[in-house]
Amino acid sequence: MFKNLRYDIKKILENDPAARSWLEVLLLYPSVHAVNGHRVSSWFYKRKMFFIARLISQVVRFFTGIEIHPGAKIGKGLFIDHGMGVVIGETSVIGNDVVIYHGVTLGGTGKDKGKRHPTVGDNVVIGTGAKVLGPITVGNGAKIGANSVVLEDVPAGATAVGIPARFIVKNTPIIEIEDYRGRRKKIYNNMVI
């Protein structure tokens, strides 16, 4: 647990220009408190002590404004920046080195049984107010724009924006064209860049 805590603090110091010292991050960052509270509640949840697990998660939510269900699986290096209003559902899976901004929901659609929340890959950035809903996958290195509503899988390296979210950039072009002036242009998912 302490090894993960050191790694989490290191990633916050790398990702947040306002972070000045490891002590400041350890004591004053709600992300650290929420993620470590989740680790404790998850320990109880895995041992089928559901009441104490939920009690811990609700106390952490009260103090941080970040709600992480004890059943969610979270990798190392998660940074929840300005975390107020973040909700992470029970069957969510979050990879390593993910950045989530305030007001993000990793939730269900209400229609699914079993796995009903998103799986988020490594090195993903999810912008302020985004809603990622259902048993979908967000690929490694993807970016979700602020206030987007994502209802389908996001390929690795893609950027998704809008309501409903559309992909605006992928790592590799689908085709390359020449316009009427002879300039080369690349088309990514039907958008000219």
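A short tour of the structure in this document, coming up. All values derive from a computational prediction rather than experimental measurement.

Attention now moves to the overall build of the chain. For the chain, the helix and strand inventory stands at four helices and 18 strands. The buried share among the 193 residues of the chain stands at 46%. Total accessible area on the chain stands at roughly 10,600 Å², and carbon and sulfur atoms take up 59% of it.

Quick look at the sheet that holds strand 8 (residues 119–120) now. Spatial ordering of the open sheet is given by 2-5-8-11, a layout of four strands whose pairing is parallel. One side of each edge strand has no neighbouring strand; the edge strands of this open sheet are strand 2 (73–74) and strand 11 (137–138). Sheet topology note: the strand 8/strand 11 ladder contains two bridges and is parallel. Bridging across to strand 11, Val120 finds its partner in Val138.

On the surface, Lys46, Arg47, Lys73 and Lys115 cluster together into a patch of positive charge. You can see Lys115 is positioned in the loop between strand 7 (105–107) and strand 8. The partly exposed category is assigned to Lys115, whose relative accessible area is 36%.

Right, let's talk about the pattern of salt bridges for a bit. In total, this model carries six salt bridges according to the counting rule given. Between Asp8 and Arg39 there is a salt bridge, and its shortest N-O distance comes to 2.8 Å. On the criterion of sequence distance, the pair formed by Asp8 in helix 1 (residues 2–15) and Arg39 in helix 3 (residues 30–46) is long-range, its members being 31 residues apart. Taking the relative accessible area as the measure of exposure, Asp8 reaches 4% and is therefore buried.

Rules used in this analysis
Residues numbered from 1 in each chain as written. Predicted model: local features only at pLDDT ≥ 70, side-chain atom pairs only at ≥ 80, totals over all residues. Heavy atoms only, no water. Helix = DSSP H or I, 4+ residues; strand = E, 2+ residues; numbered from the N terminus. Buried < 20%, exposed > 50% of the residue type's maximum accessible area, 1.4 Å probe, protein only. Areas by Shrake-Rupley, 256 points an atom, 1.4 Å probe, with all protein chains shown as cover. Pairing = 2+ DSSP bridges. Patch = residues over 30% accessible without salt bridge, like charges linked within 9 Å, V, L, I, M, F, W, Y side chains within 5 Å. Salt bridge = Lys/Arg side-chain N within 4 Å of Asp/Glu carboxyl O. Lys, Arg positive; Asp, Glu negative; His and termini not counted. Charge placed at Lys NZ, Arg CZ, Asp CG, Glu CD.

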